[in-house]
Amino acid sequence: QLQAYGGGLVQAGGSLRLSCAASRLTFSSYGAGWFRQAPGKEREFVAAIRRSGGGTGYSDSVKGRFTISRDNGKNTVYLQMNSLKPEDTAVYYCAASTTVFSSEYYRQPSRYGYWGQGTQVTVSS
């Protein structure tokens, strides 16, 4: 029901825009988040956005470089990634949640009931 795409190979300092399209799901009824998982590491929170798009949250490692946004009319959430670093290399997953938007909750993968299949982002040095 969620499909993430837009990943690829980019040089350090470059940019990518990820998209997450929802099907059979009214995305406007869900908060959304992006997570990532590098080889041998746990899945980590990247960014989250309120259902309405009026609130966002970021991990410290991406704050100021990444921007999460959404277009509920297109049932799509985006992650604009600028100034990419090799340590951003990971599989990126989008997810949807009905949990109240709160910094206490949106960082927790267990709060998300729907997940996309992931898209690979590789940043070369």
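First, a word on scope: everything that follows refers to the structure included in this document.

Now for the pattern of salt bridges. In the structure shown here, the tally under the stated rule is four salt bridges. Across the pair Arg 36 and Glu 44 runs a salt bridge whose closest N-O atoms are separated by 2.6 Å. The class of Arg 36 is buried, set by a relative accessible area of 5%. Accessibility expressed as a relative area gives 34% for Glu 44, which makes it partly exposed. The salt bridge involving Asp 88 is made with Arg 65; its shortest N-O contact spans 2.8 Å.

Here we come to the nonpolar core. Of all hydrophobic cores here, the largest spans 30 residues; its most connected members are Phe 27, Trp 34, Leu 79, Met 81 and Tyr 92. Listing elements by their share of this core, those giving two or more residues are strand 1 (2-5), strand 3 (16-22), strand 4 (31-37), strand 5 (44-49), strand 7 (66-71), strand 8 (76-81), strand 9 (90-97) and strand 11 (119-124). Counting residues in each nonpolar core, the second largest holds six residues, with Phe 35, Phe 45, Ala 48 and Ala 95 among its members.

The next thing to look at is the sheet that holds strand 8. In spatial order, the strands read 1-3-8-7; together these four strands make up an open sheet with antiparallel pairing. Edge positions in the sheet fall to strand 1 and strand 7, since each of these pairs with one other strand and no more. In this sheet, adjacent strand axes meet at a mean angle of 15 degrees when their direction is disregarded. As paired elements, strand 1 and strand 3 share four bridges and run antiparallel to each other. Counted as the bridge partner of Tyr 5 is Ser 19 from strand 3.

Its location among the elements puts Ser 97 in strand 9. In this structure Ser 97 comes out as buried when scored by relative accessible area, which is 6%. Here Thr 99 takes part through its backbone nitrogen, which lies 3.0 Å from a polar atom of the side chain of Ser 97. Setting aside residues no more than four positions away along its own chain, Ser 97 makes contact with Tyr 30, Gly 31, Arg 111 and Tyr 112.

Here we take up the environment of Gln 108. Positionally, Gln 108 belongs in the loop between strand 9 and strand 10 (114-115). Classification of Gln 108 by relative accessible area gives partly exposed; the value is 30%. Along the sequence, Gln 108 and Met 81 sit 27 residues apart, while their C-alpha atoms lie 21 Å from each other.

For the structure on display, the rule yields one disulfide. Across the disulfide from Cys 20 sits Cys 94; the S-S distance is 2.1 Å. Looking along the S-S bond of the Cys 20-Cys 94 disulfide, the torsion reads about 65 degrees, which is the right-handed sense. Separated by 74 residues along the polypeptide, Cys 20 in strand 3 and Cys 94 in strand 9 bring together distant segments of the chain. In this structure Cys 20 comes out as buried when scored by relative accessible area, which is 0%.

Parameters at a glance
Residues numbered from 1 in each chain as written. Predicted model: local features only at pLDDT ≥ 70, side-chain atom pairs only at ≥ 80, totals over all residues. Heavy atoms only, no water. Salt bridge = Lys/Arg side-chain N within 4 Å of Asp/Glu carboxyl O. Buried < 20%, exposed > 50% of the residue type's maximum accessible area, 1.4 Å probe, protein only. Core = buried A, V, L, I, M, F, W, Y, C linked by side-chain atoms within 4.5 Å. Helix = DSSP H or I, 4+ residues; strand = E, 2+ residues; numbered from the N terminus. Pairing = 2+ DSSP bridges. Axes fitted to C-alpha atoms, helices over the stretch in contact; angles between N-to-C directions. Polar contact = N/O pair within 3.5 Å; in protein donor to acceptor, adjacent residues only side chain to side chain. Contact = heavy atoms within 4.5 Å. Disulfide = S-S within 2.5 Å.

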